[in-house]
Amino acid sequence: MIGGAFGVTLANARTGDEAAFACIFRDVQPALLRYLRMITVEPEDVAGETWIQVVTGLRRFRGGEQDFRAWLFTIARNRAADAGRSRHRRPAVPLDMTEAAQQLTTTADAADQALEAVSTQAAMELIKSLPREQAEIIVLRVVAGLDAGDVAKIVGKTPAAVRVAAHRGLRRLAGQVAQAGVTL
């Protein structure tokens, strides 16, 4: 989170300051990708579409940092739904890839390697084992840092339903961790 400097950073980004926009992007992008990996098979593509919409709507956006994050994740969820509908209308045809092309697509970038180094990947895999609704709510609450009210607006539920789903999901995760004998 950027914190107190967010207002100034946002104002500068609105005027075209690339460094200010990059600051916002770097702050939110890791959480955005983790969220999108939970809800779509095309997280990088959907993230790109999300940021395009953010850039075009940035001048109209009003609010603080939490409002921005809620707005961004709402856009991301909508773009993911659009991508899913598009994928069903136009199924992909797999092509044979050369060995070099396969290596390019499977080489992890530095950010992914860092995430794996701190067991984020393992945690995300555990979250993926939850029912989709619970997993999405937990990622929005914990990874994206949104409050129950913002998450409720994004997923179309009441804040109470979001809290209950998060509680049930976290309880289920705790049970899985205890069953596996993992100690923290």
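Residues numbered from 1 in each chain as written. Predicted model: local features only at pLDDT ≥ 70, side-chain atom pairs only at ≥ 80, totals over all residues. Heavy atoms only, no water.

Draft legend 1. Inspection of the packing of helix H2 (residues 18-39) against helix H3 (residues 43-57) at higher detail. For the pair H2 and H3, the least separation of the axes is 10 Å and the interaxial angle reads 140 degrees. Taken together, the axes of H2 and H3 are oblique relative to one another. With respect to the hand of their crossing, H2 and H3 are arranged in right-handed fashion. Across the interface between the two elements, Phe21, Ile24, Phe25, Val28, Gln29, Leu32, Leu33, Leu36 and Arg37 of H2 pack against Pro43, Glu44, Val46, Ala47, Thr50, Trp51 and Val55 of H3. Counted by class, the contact of H2 with H3 contains 12 nonpolar, 2 polar and 2 charged residues. (Axes fitted to C-alpha atoms, helices over the stretch in contact; angles between N-to-C directions. Helix = DSSP H or I, 4+ residues; strand = E, 2+ residues; numbered from the N terminus. Parallel < 35°, antiparallel > 145°, perpendicular 65-115°, else oblique. Left-handed = near helix turned anticlockwise from the far one by under 90°. Contact = heavy atoms within 4.5 Å. Nonpolar A, V, L, I, M, F, W, Y, C, P; charged D, E, K, R; others polar.)

Draft legend 2. Seen up close, the side chain of Thr50. With respect to the element layout, Thr50 can be found in helix H3. Of the polar contacts made by the side chain of Thr50, one reaches the backbone oxygen of Val46; its length is 2.8 Å. Beyond its immediate sequence surroundings of up to four residues, Thr50 is in contact with Leu32, Leu72, Ile75, Ala76 and Arg79. (Polar contact = N/O pair within 3.5 Å; in protein donor to acceptor, adjacent residues only side chain to side chain.)

Draft legend 3. Expanded view of the packing of H2 against helix H8 (residues 132-143). As a packed pair, H2 and H8 sit with axes 10 Å apart at the nearest point and diverge in direction by 180 degrees. When the axis of H2 is compared with that of H8, the two are roughly antiparallel. Together, Ala31, Arg34, Tyr35, Met38 and Ile39 of H2 and Arg132, Ala135, Glu136, Val139, Leu140 and Val143 of H8 make up the contact between the two elements. Taken together, the residues that form the contact of H2 with H8 break down as 8 nonpolar, no polar and 3 charged.

Draft legend 4. The arrangement of helix H1 (residues 6-14) in detail. What H1 keeps buried is the set Phe6, Thr9, Leu10, Ala13 and Arg14. Along the axis of H1, the buried residues cluster in a sector spanning 135 degrees; they form a single face. (Buried < 20%, exposed > 50% of the residue type's maximum accessible area, 1.4 Å probe, protein only. Arc of directions from axis to C-beta.)

Draft legend 5. Region of the structure containing the nonpolar core. Counting 47 residues, the largest nonpolar core has Tyr35, Leu36, Phe68, Phe73, Ile127 and Leu140 as its most contacted members. The set of elements that each furnish at least two residues to this core consists of H1, H2, H3, helix H4 (65-89), helix H7 (120-128), H8, helix H9 (148-155) and helix H10 (159-180). In terms of residues, this core owes the most to one element, H2, which gives 10 residues. Sequence-distant contacts of Phe73, defined by excluding residues within four places in its chain, comprise Val28, Ala31, Leu32, Tyr35, Leu140, Ala144, Leu146 and Ile154. (Core = buried A, V, L, I, M, F, W, Y, C linked by side-chain atoms within 4.5 Å.)

Draft legend 6. Geometry of the pattern of salt bridges. Enumeration according to the criterion identifies 7 salt bridges in this entry. In this structure, Arg37 engages Glu44 in a salt bridge whose closest nitrogen and oxygen atoms are separated by 3.6 Å. The closest approach of N and O atoms between Lys128 and Glu125, which form a salt bridge, is 3.8 Å. Placement of both Lys128 and Glu125 in helix H7 is noted, with a separation of 3 residues, approximately one turn of the helix. For Glu125, a relative accessible area of 40% puts it in the partly exposed group. A network of salt bridges, in which partner residues are shared, links Arg79, Asp82 and Arg85. (Salt bridge = Lys/Arg side-chain N within 4 Å of Asp/Glu carboxyl O.)

None of this, on its own, says anything about what the molecule does.
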